[in-house]
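Overview (structure and organization)
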Amino acid sequence: MTHHHHPMIPLREIDPSQSFIDDAAIWAQLDQITNPSQTQVEAVLEKGRQAQGLSLADTAVLLQNSDPALDEQLFAAAREIKDAIYGNRMVLFAPLYVSNHCANACAYCAFNADNHQLKRKTLKADEIDQEVSVLLSKGHKRLLAVYGEHPRNSAERIVDSIRTMYATRLAAKDGEGHAIRRINVNCAPMDTEDFRTLKTAQIGTYQCFQETYHRDTYEQVHTKGKKKDYLYRLYAMHRAMEAGIDDVGIGALFGLYDHKFELLALLQHAQQLETDYGVGPHTISFPRIEPAQGSDLSEQPPHAIDDHTFKKIVAILRLAVPYTGLILSTRETPEIRRELINMGVSQISAASRTYPGAYAAAETEREDEQQFTLGDHREIDEVIHDLVTNLDSIPSFCTGCYRKGRTGDHFMGLAKQKFIRTFCQPNALITFREYLNEFASERTREAGNALIEKELEAMTPARAKNVRKCLDKTDQGQRDIYL
Ligand code: SAM
Ligand code: SF4
């Protein structure tokens, strides 16, 4: 488990009554370059390829470009960065909805307190255990635990539910059993004291999305409950870090407001955490609004973005924050997921269901219990087969860094690339082999082992030899080997 338990000391004085989102600066950047020239765009792309990140002004140039040929160059540059830094690994996880009880009234979400059509449920320990057993039996090792904001979902209850998830065992041949190895959490923001409590559950990343960084819009779509308070949510990650949670995930819900504004604001948020604590966010999420029961807004989002714009957002993020993980959910269809995976997404969920108790239930979707409609209904084995055969991508179930206490880490440039070759790539192969041996279909096992072989051949002989040893041990039945 993690070895870091230190609160993080802010590097400057924090004033949580003052927004750090600078609207004027964002609009100034966008107004300055309304129609960038080819030379300007190409200069920014060249900068992006150096993998040093981009300034707000650079990012604005890419956002304002409307030449489709230059957008294609942008996509190619994102692919280059992804290949150079991350290689072809893809981390897989499944969301676990623990509770759809919610006291807030977010205009876009089916869990909103005014949706009386929704059947409410908060899982008890034995129900959580059942859900986790089903996910383990499919080969999952990483979860994202999700909760509505409700007194039922206090920090203590959340901690209890996470302990239950970690404790669940799926029987295996050797008797030791399979267990979940990392649990990230998406729940309402807390005060620092409660974040300290949450930290005791050995969580991975704490996720909380600002939804929209535009304050007026924020106040229009959040009319009830604690979530009404824009600044309280904006400083959530500051409080989490103060409580010693150094692994945080930020995000915006695209469709509520101008996507260009949201993207630049996300970067301001990332920069602020960097300035204040010396560590940026571990991940960024960019959900698009999907149709949700009891939400008119979700049927026709005021600032809906098309697929091309969505691809641009992901590609620009890849260049702007090359070392930050990018998360993609099953809100999107398999086709779009395939394209985005190539452009720098580093984690995807698979075979998700978005209501409490869903995995043990027979139906994939339940209109009257789920949070939103899904775009990708494939089983995990099918997603993995697709990753391996169509995208040359290695599904990774690795959780090594987190368990060796290598969190909140912050390697840049060559150091990061070396780190990935030394740890991440080998660990991906070893954990993938474990999946192939125990959970995969015949066709996925064949395709997967062929890809592992190909990867070994591309490694230095010394490294390949070392990894082969670990793979052999895995084949002999040892589990959970990682570097
Ligand atoms: N209740 C907590 C909160 O609001 O932060 C955590 C759980 S909430 C279910 C997780 C995220 O789902 C929200 O932050 C929001 O971005 C996203 N979401 C809500 N409604 C959605 C919709 N209709 N389509 C896509 N994503 C949605
Ligand atoms: Fe509740 Fe979160 Fe849904 Fe808002 S987004 S209604 S807070 S579950």
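Residues numbered from 1 in each chain as written. Chains lettered and ligands numbered in written order. Predicted model: local features only at pLDDT ≥ 70, side-chain atom pairs only at ≥ 80, totals over all residues. Heavy atoms only, no water.

- As annotated in an unreviewed UniProt entry, the protein chain carries the name [FeFe] hydrogenase H-cluster radical SAM maturase HydG and is attributed to Ferrimonas pelagia.
- The Cofactor (unreviewed entry) field of the UniProt record for the protein chain holds the comment "[4Fe-4S] cluster". (UniProt positions renumbered as here; feature names shortened; annotations may be inferred.)

Focus: the pattern of salt bridges
- Overall, the coordinates contain 24 salt bridges when judged by the stated rule.
- A salt bridge links Asp-58 to Lys-47, with the shortest nitrogen-to-oxygen separation between them at 2.9 Å. Of this pair, Asp-58 sits in helix H3 (residues 56-64) while Lys-47 sits in helix H2 (residues 38-49), and the two are eleven residues apart along the sequence.
- We classify Asp-58 as buried; its relative accessible area is 10%. (Salt bridge = Lys/Arg side-chain N within 4 Å of Asp/Glu carboxyl O. Helix = DSSP H or I, 4+ residues; strand = E, 2+ residues; numbered from the N terminus. Buried < 20%, exposed > 50% of the residue type's maximum accessible area, 1.4 Å probe, protein only.)

Some details on the side chain of His-269
- Summarising the element assignment, His-269 is placed in helix H11 (residues 259-277).
- Judged by relative accessible area, which is 3%, His-269 ranks as buried.
- Sequence-distant contacts of His-269, defined by excluding residues within four places in its chain, comprise Phe-20, Ile-21, Tyr-213, Leu-234, Met-237 and Ile-250. (Contact = heavy atoms within 4.5 Å.)

Brief notes about the packing of helix H14 (residues 334-342) against helix H15 (residues 380-391)
- Running from N to C, H14 and H15 point in directions that differ by 55 degrees, and their axes come no closer than 12 Å. With respect to their mutual orientation, H14 and H15 come out oblique. In this structure, H14 crosses over H15, and the sense of that crossing is right-handed. Residue-level contacts link Arg-337, Arg-338, Ile-341 and Asn-342 of H14 to Val-383, Asp-386, Leu-387, Asn-390 and Leu-391 of H15.
- Class assignment of the residues belonging to the contact of H14 with H15 gives a composition of four nonpolar, two polar and three charged. (Axes fitted to C-alpha atoms, helices over the stretch in contact; angles between N-to-C directions. Parallel < 35°, antiparallel > 145°, perpendicular 65-115°, else oblique. Left-handed = near helix turned anticlockwise from the far one by under 90°. Nonpolar A, V, L, I, M, F, W, Y, C, P; charged D, E, K, R; others polar.)

Concerning the domain arrangement of the protein chain
- Splitting the protein chain by domain gives domain 1 (11-22 + 78-415) and domain 2 (419-475).
- Using C-alpha coordinates to define each centre, domain 1 is positioned 28 Å away from domain 2.
- Taken together, the contact between domain 1 and domain 2 spans 30 residues of the former and 23 residues of the latter.
- The contact between domain 1 and domain 2 buries some 2,300 Å² in all, and 61% of this surface belongs to carbon and sulfur atoms. (Domains from an automatic or database assignment. Buried area = accessible area lost by both parts, 1.4 Å probe.)

Describing the state of the cysteines
- Under the criterion given, the structure shown has zero disulfides.
- The structure places no disulfide on Cys-470, whose sulfur is separated from the nearest cysteine sulfur, that of Cys-398, by 12 Å.
- Judged by relative accessible area, Cys-470 falls into the buried class, the value being 8%. (Disulfide = S-S within 2.5 Å.)

Overview of the site of ligand 2
- As a matter of local geometry, ligand 2 sits amid Cys-102, Asn-104, Cys-106, Tyr-108, Cys-109, Phe-111, Asn-112, Gly-148 and Lys-227.
- Here ligand 2 occupies the largest cavity.
- Looking at the shell around ligand 2, its residues break down into five nonpolar, three polar and one charged. (Near = heavy atom within 4 Å. 1 Å grid on protein atoms, 1.4 Å probe; cavity = no way out; pocket = protein on both sides within 12 Å on 5 of 7 lines; lining within 4 Å. Sits in = over half its atoms within 2 Å of the grid points.)

Some words on empty space enclosed by the protein
- Scanning the model with the defined rule gives six cavities of 30 Å³ or more in all.
- What the largest cavity holds in volume is close to 750 Å³.
- Every residue lining the largest cavity is counted, 45 residues in all, and those nearest its centre are Tyr-97, Asn-186, Phe-209, Arg-331 and Gln-371.
- Every element with two or more residues in the lining of the largest cavity is listed here: strand E1 (89-99), strand E2 (142-147) and strand E7 (325-328). (Points joined across faces, edges and corners; volume = space filled by probe spheres on them.)

Regarding the side chain of Asn-186
- Turning to its location among the elements, Asn-186 is positioned in strand E3 (residues 182-186).
- Looking at Asn-186, its side chain comes within polar contact range of the side chain of Gln-207, at 3.2 Å.
- Excluding residues that lie within four positions of it along the chain, Asn-186 makes contacts with Leu-144, Ala-145, Val-146, Tyr-147, Gln-207 and Phe-209. (Polar contact = N/O pair within 3.5 Å; in protein donor to acceptor, adjacent residues only side chain to side chain.)

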